[in-house]
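Residues per chain are reported as follows:
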Amino acid sequence: MNAVGRIKRGALVALIFLCVAAPSAAGAQQARWLHQASSISALLAGVYDGEESIADLKRNGDFGLGTFDGLDGEMVMLDGVCHQVLVSGEARVAQDSLKTPFAAVVFFRPVFSADSGRIENMEGLLKRLNRLFPNGDGFYAVRLTGEFEMVKTRSVPKQNRPYPPLVEAAKRQQLSTASNVSGDLVALYCPPSAAGLNVVGWHVHFLNAQRSRGGHLLDLRAKDLKVEGMALNGLQAILPGFEEYNKARLCEDREAELSRVER
Ligand SMILES: [Zn+2]
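Residues numbered from 1 in each chain as written. Predicted model: local features only at pLDDT ≥ 70, side-chain atom pairs only at ≥ 80, totals over all residues. Heavy atoms only, no water.

Caption draft 1: How the structure looks around the nonpolar core. Leu34, Phe63, Val106, Ala141, Leu188 and Leu232 are the most contacted members of the largest nonpolar core, which totals 28 residues. Of all the secondary-structure elements, those providing two or more residues to this core are strand E4 (63-67), strand E5 (74-78), strand E9 (103-106), strand E12 (139-155), strand E13 (174-190), strand E16 (226-232) and strand E17 (234-238). Of all the elements, E13 adds the most residues to this core, at three residues. Both domains that meet at this core, namely domain 1 (3-108 + 233-262) and domain 2 (112-232), each give it at least three residues. Discounting residues that sit within four places of it in the chain, leucine 188 has contacts with Leu34, Phe63, Leu65, Ala104, Tyr140, Ala141, Gly201, Trp202 and His203. With 23 residues, the next largest nonpolar core counts Met122, Leu132, Leu185 and Val204 among its residues. (Core = buried A, V, L, I, M, F, W, Y, C linked by side-chain atoms within 4.5 Å. Buried < 20%, exposed > 50% of the residue type's maximum accessible area, 1.4 Å probe, protein only. Helix = DSSP H or I, 4+ residues; strand = E, 2+ residues; numbered from the N terminus. Domains from an automatic or database assignment. Contact = heavy atoms within 4.5 Å.)

Caption draft 2: Representation of empty space enclosed by the protein within the structure. Tallied over the entire structure, the rule returns one cavity of 30 Å³ or more. For the largest cavity, the calculated volume is near 130 Å³. Surrounding the largest cavity, 16 residues form its lining, Leu43, Thr67, Glu74, Arg154 and Glu262 being those nearest its centre. Of all the secondary-structure elements, those providing two or more residues to the lining of the largest cavity are helix H2 (40-44), E4, strand E14 (201-208) and helix H7 (255-262). Here the lining of the largest cavity is built from residues that sort into eight nonpolar, five polar and three charged. Both domains that furnish three or more residues to the lining of the largest cavity are identified here as domain 1 (3-108 + 233-262) and domain 2 (112-232). (1 Å grid on protein atoms, 1.4 Å probe; cavity = no way out; pocket = protein on both sides within 12 Å on 5 of 7 lines; lining within 4 Å. Points joined across faces, edges and corners; volume = space filled by probe spheres on them. Nonpolar A, V, L, I, M, F, W, Y, C, P; charged D, E, K, R; others polar.)

Caption draft 3: Spotlight on the coordination of the zinc ion. For the zinc ion, the full set of protein donor atoms is His203 (NE2), His205 (NE2) and His216 (ND1), and the range of their distances to it is 2.0 to 2.1 Å. Between consecutive donors of the zinc ion, the numbers of intervening residues give the motif H-x1-H-x10-H. Of this pair, histidine 205 sits in strand E14 while histidine 216 sits in strand E15 (residues 214-223), and the two are eleven residues apart along the sequence. Neither residue differs from the other here; histidine 205 and histidine 216 are each classed as buried. (Donors = N, O, S within 2.8 Å, 3.2 Å for Na, K, Ca; no water.)

Caption draft 4: Broad picture of the pattern of salt bridges. Inspection of the entire model under this criterion finds 15 salt bridges. A salt bridge links aspartate 49 to arginine 161, with the shortest nitrogen-to-oxygen separation between them at 2.6 Å. Within this pair, whereas aspartate 49 is found in the loop between H2 and strand E3 (52-53), its partner arginine 161 is found in the loop between E12 and helix H5 (166-169), the two being separated by 112 residues in sequence. Judged by its relative accessible area of 51%, arginine 161 falls in the exposed class. Between glutamate 228 and lysine 226 there is a salt bridge, with the nearest N and O atoms lying 3.7 Å from each other. Connected via shared salt-bridge partners are Asp79, Arg143, Asp184 and Arg211. (Salt bridge = Lys/Arg side-chain N within 4 Å of Asp/Glu carboxyl O.)

Printed below as a string of structure tokens:
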């Protein structure tokens, strides 16, 4: 049985740890694990309303990404501020009372710094990140800051019930391309053992320096970005306990759909 199958049979609210090393006994402020709300399998299945508020999320991290109830845009959490990138690509500060059906955050305390060198496209970014953070079985949180010659992002429109699966909802995504902008990339890496819970590989969101535009990163061209990163101890997933989640068909293999939606 895969991880998600085990989760469905668990308690209404499950606490999952996939640990690379034992988590510290210190409090959440010192935690070096990825905290996430719900699972990517649930999002792919069309469970677009969550239980965890943005206020709750901020108690578990100050850096990360995700989406909002009703799939109302892309989330970029940076420096403890939760930004909501609407389908138009415009960003605003998200209200603490909003909820999320999928998000992953960490207390970002980088211990590693490097220069990105020249990055010609998304493939080049991923290759560079894989060289700098080579443990494919680990979890990483990485921030890249600087000037971008080009960034191509997408955001998604708010959905109405009955919710379609993500692969259908994503067909109405809107793309934005910007030239010569400064800003930040929020990048999270999850290993194959996290399949079903989170996006395996790198998942990257962008926010400009004015914090006025951003989205899920699809392509870029940049050079000499400042790269800061940290390895994480593992993953803590808080799963919803409501009926819709428990009835969702989470055991289906949705890797092909995920690949279409995320890349
Ligand atoms: Zn995304």
